[in-house]
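Results of the structural survey
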Amino acid sequence: MSELKWGDRELAYDSSAFVRGSGHYVDDIKLPGMIHMSVLRSPYARARILSLKGGMSSKDLGARMASVGEGASPEAGLSIEPVFATGFVNYVGEPVAAVFADDRYKSTDLLESIEVDYEPLEPVVTIDDALKLGPIHSGRKDNIMVETSKGTDFQDPESPIVIEDTLENDRISANPIEPRGIVTSYTDGMLNVWISTQAVHSVKEGLVESLGISPESVRVMQTDTGGGFGSKGGLYPEYVMASYASMKFGKPVKWIETRREHLASTNPGRGVRGKVKIFAERNGRINGLKGEVTIDAGAYDSGIASFSPGFVAMQMTGPYSIEKAFVVARALFTNKVPQGPYRGAGRPEASFFIERMMDMLADELAMDPADLRLLNMSDKPFVSPMGLKIDAARPFFEGAVRELEYRRESKMSRGVGLSFFVLVPAVYPGESARIIVKDGKVSVWLGGNSHGQGHEIFVKKLINEELQVPEELVTLYRGDTGMTKTGVGTWGSRSAIVAGAAIVAVCKKIKQEVEKEFGSYSVRSLLSSGYDEFINNELKMPLNSFGANLATVEIEKMGRVRVKKCAAYYDVGRALNRDMVIGQIQGGMAQGIGQTLHEGLFYNKEGQLITSSISDAGVPLAEDLPNFIVNIVENRSFLPHGAKGLGEAPTVGVPTALTRAIESVSGKRLRRTPVTPEELMK
Amino acid sequence: MSTIKIRTKVNGKDVEAEVEPRTLLVHFLREELNLTGTHVGCDTSNCGACTVLIDGQAVKSCTVLAAQANGKEITTIEGLSRNGELHPLQKAFLEKHGLQCGYCTSGMILTSFWLLKKNKDPSEEEIRKNLSGNLCRCTGYQSIVESVKYAAQLMNEKEVEREMAVR
């Protein structure tokens, strides 16, 4: 029997362990008899597998992946990725077979022993290919995965100004510094899984569905998780393989992703094109918006890929009161790794489309971009034709223009970019929490898992506020499906909102229990007794918030962009912890700069991935970045604890402000991210 | 596979071991010595999560064979605190929130340790330049730069105290 002997201290989420080097990441786990798994991956973007000898493959495990995690939809299913390639490979990096050995050196050696014959086929690499060429999956008539529309179609209004353009965000690898990884162990009919994840429940549901095993026979436990940014929210083929292997061999199995595997095989984000047409009056008032959104979804439906088109389309009027809008949106199959969520996941794309168009319209009319934006805002709440609900926008953004010192900045320099946005957090369907009070201590589990956001800090604060328990008596444990019956996950700017609300709800329940038992509530009574309460706290209403960014730049030799100023003005609701809020925003701003200037996953005409390292992928360095200016506005939400979302705000607002700043200095019309030095030198 | 014998000093302790010639130092530290505070983040020597000190110099331990550490002195993150007391850099990273997910932290601290040994009062620009071999995906680096500055201040204060005590 192999078990992990971690005590209470090891299971608690404790960020002070990280400075000592005593964290508990998945690769730190060592179990007796544990074997290491390596995965053989497709070297072709598209090929028929003629023969395959050696290793574990689809002959052993013909399962298909379950659609779980962020954006997963019940409609998905026709085009779900197989755990191992079955008959064909459809992207470079697709798992073909797996091998197992005592250590990672030997399992890597064993990859050489697998023999595969491929017959290469013409790949569908780009969005244009996907529209032009035949379907990559036989049995389908074209490469359209899903097609949807938002708003109501309308006849082109009689408008003196009509502008139209096509805008694009390249794909980006999430690149958390810790790659993905899993350890599985099957003992006495129980599959125990330790994993670096944003959502233990997604992984559990996925394994149950993919392997056809009962929910009672799987326990998924989160290890310290070295960043996720969307990439660790759901199920991946390797998780099913490692679980199956531990059941088959009766030994614990470890798989740790390499960085090259991460670039090739972990679902990247973005990869979206928008064609937008704006109808406006000469005074700048917009009469209508029409659009087409196209998602480069990759070879299979990861869940978010079929959700994204409608989600991007829905947000395309931004914070503006545009009365007529209609957007057609589709996701297309290509022979690339399936697209997934990356910090923002549809929000930055929609904002890039509307904000670029606002700047272009301002240029067309020779108006100030801020004035044009404010002109198209309302003093009252507004529901867009596509169903986006926003509060009164104009008062907030007038404040933003003032606090970001936009007028002064634009007098001083040419290279100023300003962006306005509305953040749509993933509130639905709420979150779960469990609190156990025992031996004078309070132990907490959440349905979604911290991986650096500081959940432990707001958990302690809210429990102290609700139950007056001293913070040092409260411990937040890492995600564990053995301790929470159900749960969702950490993504979509949701945790402070939904996990916070769940904590408050459990506290209220416990308080009532104490009152029932003792007649009145006191922290002394609470700690002297024992309680164990779990709540699946449903939240289904939108809780959108506003934000604005300002950026200024210089363009140096060889088209190198230096970011001089990068400032934010965000409504974060009640900031549960100011330092954590600022830390989240600074980190997100770095990612926003990364997307704009350096980051991308690039494929050649044959569908070969030519981005081969984390540096090639453009993750920003310390010397690339400025100090950030963060202004937070605390307009409490209607929830008892007052929180709003914020984690993704910077990846929505920074790319648009920064692209405009570069456009203003360079005088070149910019239509895509990343903005490369080559483009600026042209 | 044949093995070779190495002798090193790791965090002040003498270590003798038989290793395969191809064993990377980072895997030797993590898997043979259970010093799991040193992390692996990439396979191309870019990210710096595996940074350790070899004879006082910051080195990416994924790019060094264990055999090359023969006869050398290695310090990992586990060897930084003395008698349970955190090193000023460790204190500073905690206090100034120089970390979120924690995965790059060991490498950041050891590279900063080396920097502060060479330069007791580095400017912001010098800190950013010296940390450019260490990637962080969470913080945007600003809080890390503040942590290093604060650590420099703590270390200089400590030195002044020590000098005062000697007098």
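This one's a predicted model, so the numbers in the text were calculated from it and none came from an experiment.

Turning to the domain arrangement of chain A, a few remarks are in order. Residue and element names in this part refer to chain A. Along its sequence, chain A is carved into domain 1 (34-121 + 180-256), domain 2 (344-424 + 542-681) and domain 3 (431-537). Using only C-alpha atoms to locate each centre, domain 1 and domain 2 end up separated by 36 Å. Domain 1 puts six residues into the contact, and the matching count from domain 2 is six residues. Roughly 380 Å² of surface becomes buried between domain 1 and domain 2 when both sides are summed, with 43% attributable to carbon and sulfur atoms. There are one residue pair in polar contact (both at pLDDT 80 or more) connecting domain 1 and domain 2. Of the residues belonging to the side of domain 1 that touches domain 2, the class tally is five nonpolar, no polar and one charged.

It is worth spelling out the sheet that holds strand β13 (residues 286-298) of chain A at this point. Residues and elements named next belong to chain A. Spatially, β6-β14-β13-β12-β7-β25 is the arrangement adopted by the six strands of the open sheet, whose pairing is mixed. Edge positions in the sheet fall to β6 (144-151) and β25 (672-673), since each of these pairs with one other strand and no more. Bridging between strand β7 (residues 161-172) and β25 involves two bridges; their strand directions are parallel. By the bridge assignment, asparagine 169 is partnered in β25 with threonine 673.

Attention shifts here to the environment of A:Pro237. Residue and element names in this part refer to chain A. Along the chain, proline 237 falls in helix α6 (residues 237-249). When its relative accessible area of 4% is taken as the criterion, proline 237 is described as buried. Sequence-wise, proline 237 and threonine 197 are 40 residues apart; in three dimensions their C-alpha atoms are separated by 14 Å. Leave out the neighbours within four places in its chain, and proline 237 touches Met65, Glu81, Pro82, Val83 and Pro95.

All right, on to the packing of helix α2 (residues 88-95) of chain B against helix α3 (residues 105-118) of chain B then. Residues and elements named next belong to chain B. Close contact between α2 and α3 brings their axes to 10 Å; oriented N to C, the two are set at 125°. By the angle between their directions, the pair α2 and α3 is classed as oblique. Once α2 is placed against α3, the crossing between them reads as right-handed. Residues Leu89, Gln90 and Phe93 of α2 touch α3, and the partners they reach there are Thr105, Met108, Ile109, Ser112, Phe113 and Leu116.

A few words on the sheet that holds strand β21 (residues 531-537) of chain A. Residue and element names in this part refer to chain A. Reading across the sheet, the four strands line up as β20-β19-β18-β21 and stay open at both edges, with mixed pairing between neighbours. Of all strands in the sheet, those bounded by a partner on one side alone are β20 (474-476) and β21. The sheet shows a mean angle of 15° between the axes of neighbouring strands, taken without regard to direction. Bridging between strand β19 (residues 441-446) and β20 involves three bridges; their strand directions are parallel. The residue of β20 that forms the bridge with valine 444 is leucine 476. Packing against the sheet, helix α13 (residues 455-467) makes contact with β18 (431-438), β19 and β20, and its axis sits at approximately 145° to β20.

What follows covers unusual backbone geometry. Of note, the amide linkage connecting A:Tyr428 to A:Pro429 takes the cis form, showing an omega dihedral of -10°. In the segment running from A:Thr673 into A:Pro674, the intervening peptide bond is cis, with an omega of 0°. A positive phi is found at A:Glu405, a non-glycine position, where the angle reads about 55°. Along the chain, A:Glu405 falls in the loop between α11 (394-403) and α12 (406-412). Its relative accessible area of 35% is what places A:Glu405 among the partly exposed residues. A positive phi angle, near 50°, is found at B:Asn11, a position not held by glycine. Within the secondary structure, B:Asn11 is located in the loop between β1 (4-10) and β2 (13-19).

A few words on the nonpolar core. In globular proteins that are soluble, nonpolar side chains generally tend to be buried together. Ranked by internal contacts, the top residues of the largest apolar core, which has 79 residues, are A:Ile585, A:Ile593, A:Ile662 and B:Phe93. Residues in contact with A:Ile662, not counting those within four places in the same chain, are A:Val553, A:Ile555, A:Val561, A:Thr596, A:Leu597, A:Gly667, A:Leu670, A:Val675 and A:Leu680. Counting residues in hydrophobic clusters, the runner-up holds 78 residues, among them A:Leu263, A:Ala329, A:Leu418 and A:Ala548.

What follows is about the pattern of salt bridges. All names here are of chain A. Here the structure, examined in full by the defined rule, presents 65 salt bridges over all chains. Taking the shortest distance from any N to any O, the salt bridge between aspartate 359 and arginine 356 comes out at 3.1 Å. Of this pair, aspartate 359 and arginine 356 both sit in helix α9 (residues 347-365), three residues apart, which is roughly one turn of the helix. Residue aspartate 359 shares its accessibility class with arginine 356, and that shared class is buried.

Each turn of an α-helix holds 3.6 residues, which means side chains three or four residues apart point in the same direction. With 25 residues, helix α5 (residues 142-166) of chain B extends 36 Å between its outermost C-alpha atoms, agreeing within 8% with the 36 Å of an ideal straight helix rising 1.5 Å per residue. Burial in α5(B) covers these residues: B:Gln142, B:Ser143, B:Ile144, B:Val145, B:Ser147, B:Val148, B:Tyr150, B:Ala151, B:Ala152 and B:Leu154. Next to the buried residues of α5(B) lie α16 (578-597) of chain A together with α2, α3 and α4 (124-130) of chain B.

It is worth spelling out the packing of aromatic side chains at this point. All chains considered together, the criterion is met by 16 aromatic pairs over all chains. The interplanar angle of 85° and the centroid separation of 4.9 Å between the aromatic rings of A:Tyr25 and B:Tyr103 together place this pair among those described as edge-to-face. Taken together, the residues span two chains, with A:Tyr25 in the loop between α2 (17-20) and β1 (35-41) and B:Tyr103 in the loop between α2 and α3. Classification of A:Tyr25 as buried rests on a relative accessible area of 1%.

It is worth spelling out the side chain of A:Arg494 at this point. Residue and element names in this part refer to chain A. You can see arginine 494 is positioned in the loop between β20 and α14 (495-518). Reaching out from arginine 494, the side chain makes a polar contact with the backbone oxygen of tyrosine 428 at a distance of 3.3 Å. Side-chain polar atoms of arginine 494 contact the side chain of glutamate 431, separated by 3.2 Å. Setting aside its immediate chain neighbours within four residues, arginine 494 contacts Ala426, Val427, Tyr428, Pro429, Gly430, Glu431, Val488, Gly489 and Ala499.

The next point concerns the packing of helix α5 (residues 200-211) of chain A against α6(A). Each pair of packed helices can be summarised by the angle the axes make with each other and by the distance between the axes. All names here are of chain A. Packing of α5 against α6 leaves a shortest axis separation of 10 Å and a crossing angle of 65°. Crossing of α5 against α6: the hand is right-handed. Along the contact surface, α5 presents Leu207, Ser210 and Leu211, while α6 presents Tyr239, Val240, Ser243, Tyr244 and Met247. Broken down by class, the residue content of the contact of α5 with α6 amounts to six nonpolar, two polar and no charged.

Here we come to empty space enclosed by the protein. Residue and element names in this part refer to chain A. The full count for this structure, using the stated rule, is seven cavities of 30 Å³ or more. Computed from the structure, the largest cavity encloses a volume of approximately 590 Å³. In terms of lining residues, the largest cavity is bounded by 41 residues, among which Gln453, Thr490, Ser493, Gln584 and Gly647 are the most central. Breaking the lining of the largest cavity down by element, the ones donating at least two residues are α13, α14 and α16. When its residues are assigned to classes, the lining of the largest cavity shows 16 nonpolar, 19 polar and six charged.

Analysis parameters
- Within each chain, residues carry numbers counting from 1 in the order of the written sequence.
- Starting at A for chains and at 1 for ligands, labels are handed out in the order in which the entities are written.
- In view of the model being predicted, local features appear only for residues whose pLDDT reaches at least 70, and side-chain atom pairs are presented and counted only at 80 or more, with totals across whole chains, interfaces and linings using the full set of residues.
- Side-chain metrics rest on all non-hydrogen atoms present in the structure, leaving aside hydrogens and water.
- Residue ranges labeled as domains rest on an automatic or database domain assignment.
- Contact definition: two residues touch when any of their heavy atoms are within 4.5 Å.
- Buried area: the accessible area, evaluated with a 1.4 Å probe, that two parts lose upon being put together, summed over both parts.
- As used in this structure description, the phrase polar contact means that two N or O atoms lie within 3.5 Å; if the pair is within protein, one of them must be able to donate a hydrogen and the other to accept it, and residues adjacent in sequence are counted only when both atoms belong to side chains.
- Charged means Asp, Glu, Lys or Arg here, nonpolar means Ala, Val, Leu, Ile, Met, Phe, Trp, Tyr, Cys or Pro, and polar covers whatever is left, Gly included.
- At least two DSSP bridges between two strands are required for those strands to pair.
- Only runs of H or I of at least four residues qualify as helices and only runs of E of at least two qualify as strands under DSSP, and these elements are numbered from the N terminus.
- Exposure categories follow from relative accessible area, calculated using a 1.4 Å probe and restricted to protein chains: below 20% of the type maximum is buried, above 50% is exposed, and the middle band is partly exposed.
- Note on method: axes are straight lines fitted to C-alpha atoms, helices fitted across the in-contact stretch only, with angles between N-to-C directions ranging 0 to 180 degrees.
- These descriptions rest on fixed angle ranges, namely under 35 degrees for roughly parallel, over 145 for roughly antiparallel, 65 to 115 for roughly perpendicular, and the rest for oblique.
- A clockwise turn of the near helix away from the far one marks a right-handed crossing, whereas an anticlockwise turn of less than a right angle marks a left-handed crossing.
- Residues enter a nonpolar core if they are buried and are Ala, Val, Leu, Ile, Met, Phe, Trp, Tyr or Cys, with the set joined through side-chain atoms within 4.5 Å.
- Salt bridges, as used here, are contacts in which a Lys or Arg side-chain nitrogen is within 4 Å of a carboxyl oxygen on Asp or Glu.
- Helix span is expected to be 1.5 Å times the residue number reduced by one.
- Two aromatic rings, drawn from Phe, Tyr or Trp (for Trp, its six-membered ring), form a pair once their centres lie within 6.5 Å of each other, and the interplanar angle then sorts them: stacked below 30 degrees, edge-to-face above 60, tilted otherwise.
- Computed over the protein atoms alone on a 1 Å grid, cavities are sets of points where a 1.4 Å probe fits but cannot get out and pockets are open sets with protein on both sides within 12 Å along at least five of seven lines; a residue lines them when it has an atom within 4 Å of a point.
- Grid points are joined across faces, edges and corners, and a volume is the space filled by probe spheres set on the points.

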